[in-house]
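Single-letter residue listing:
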Amino acid sequence: TKSKIVALKATDKVSNVSVLAVSYFVFGFMAAIILVLISIGAAHYISVRMGDNFSGFFFVAGAYAVILLILFIGRNVLIKRPVANKIISEMLND
């Protein structure tokens with residue numbers, strides 16, 4: 001019947017969005033691990049080049065603080081709208 005077709009379409013759309021969310025989560029998690037390891041390596045390298053034990057780590061942390069500030073200021077344009085648009089396009093995709 002018509003109600004079963006609507007329920008099946010809704011289930012399909014929810015499952016598509018769920019798969020998209022899980023795949024982005026897995027990709028983000030792996031990217032975060034890689035970023036942490038690269039950051040530790042870069043901080044250690046900077047510390048060695050400067051002849052100090054901790055200066056490279058402070059430098060890398062400062063760079064991340066600047067990136068965080070930029071993302072926070074532009075969070076609607078850089079994060080909220082693209083994510084909302086992607087979810088809406090997946091939900092409306094027939």
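Rules behind the numbers
- Residue positions are counted from 1 within each chain, in the order its sequence is given.
- Residue-level local features of this predicted model are given only where pLDDT is at least 70; pairs of side-chain atoms are given and counted only at 80 or more, and the full residue set underlies all totals for whole chains, interfaces and linings.
- Hydrogens and water molecules were not included; the side-chain quantities draw on all heavy atoms of the structure.
- Each pair of aromatic rings taken from Phe, Tyr and Trp, with Trp reduced to its six-membered ring, is defined by centres within 6.5 Å and is described as stacked if the planes are under 30 degrees apart, edge-to-face if over 60, and tilted in the remaining cases.
- Numbering goes from the N terminus for both helices and strands, where a helix is a DSSP run of H or I of at least four residues and a strand is a run of E of at least two.
- For a Lys NZ or an Arg CZ to count as sitting over a ring, it must be within 6 Å of the ring centre and within 35 degrees of the ring normal.
- Lines fitted to the C-alpha atoms define the axes, with helices restricted to the stretch that makes contact. Angles between their N-to-C directions range from 0 to 180 degrees.
- By definition, turning the near helix anticlockwise from the far helix through less than a right angle yields a left-handed crossing, and turning it clockwise yields a right-handed one.
- Any two residues whose heavy atoms approach within 4.5 Å are treated as being in contact.
- Residues are sorted three ways: Asp, Glu, Lys and Arg are charged, Ala, Val, Leu, Ile, Met, Phe, Trp, Tyr, Cys and Pro are nonpolar, and all the rest, Gly among them, are polar.
- Helix span is expected to be 1.5 Å times the residue number reduced by one.
- pLDDT: the predictor's confidence for each residue, scored from 0 to 100.
- Salt bridges are identified by distance alone: a Lys or Arg side-chain nitrogen within 4 Å of an Asp or Glu carboxyl oxygen.
- Only protein chains enter the accessibility calculation, which uses a 1.4 Å probe; a residue whose area is less than 20% of its type maximum is buried, one above 50% is exposed, and one in between is partly exposed.

Before going further, it helps to spend a moment on the packing of aromatic side chains. Taken as a whole and judged by the stated rule, the model has one aromatic pair. When the ring of Phe25 is compared with that of Phe29, the centres are 6.5 Å apart and the planes differ by 20°; the resulting orientation is stacked. Separated by four residues within a single helix, Phe25 and Phe29 lie in helix H1 (residues 2–50), roughly one turn from each other. It is Arg75 that lies over the ring of Phe72; its NZ or CZ is 4.3 Å from the centre.

It is worth spelling out the packing of H1 against helix H3 (residues 75–92) at this point. Following both chains from N to C, one finds H1 and H3 inclined at 145°, their axes separated by 8 Å at the closest point. Along this stretch, H1 crosses H3, giving a crossing that reads as right-handed. On H3, the residues that touch Lys13, Asn16, Val17, Leu20 and Tyr24 of H1 are Lys86, Ile87, Glu90, Met91 and Leu92. Grouping the constituent residues of the contact of H1 with H3 by class yields six nonpolar, one polar and three charged.

This brings us to H1. Compared with the 72 Å implied by 1.5 Å per residue over 49 residues, the 70 Å span of H1 between its first and last C-alpha is a close match. Those residues of H1 that are buried are in contact with helix H2 (55–73) and H3. Positive phi shows up at Gly51, right after H1, with a value of about 75°.

Residues of the chain with pLDDT of at least 70 account for 99%, and the chain-wide mean is 91. Looking across the chain, the model is least confident in H3, with a mean pLDDT of 86, and most confident in H2, with 96.

With that out of the way, let us pick up the pattern of salt bridges. Applying the stated criterion to the full structure yields one salt bridge. Ionic pairing is found between Lys86 and Glu90, a salt bridge with its closest N-O pair at 3.8 Å. Linking Lys86 with Glu90, this pair stays in helix H3, spanning four residues, or about one helical turn. According to the relative accessible area criterion, Glu90 is buried, its value standing at 19%.

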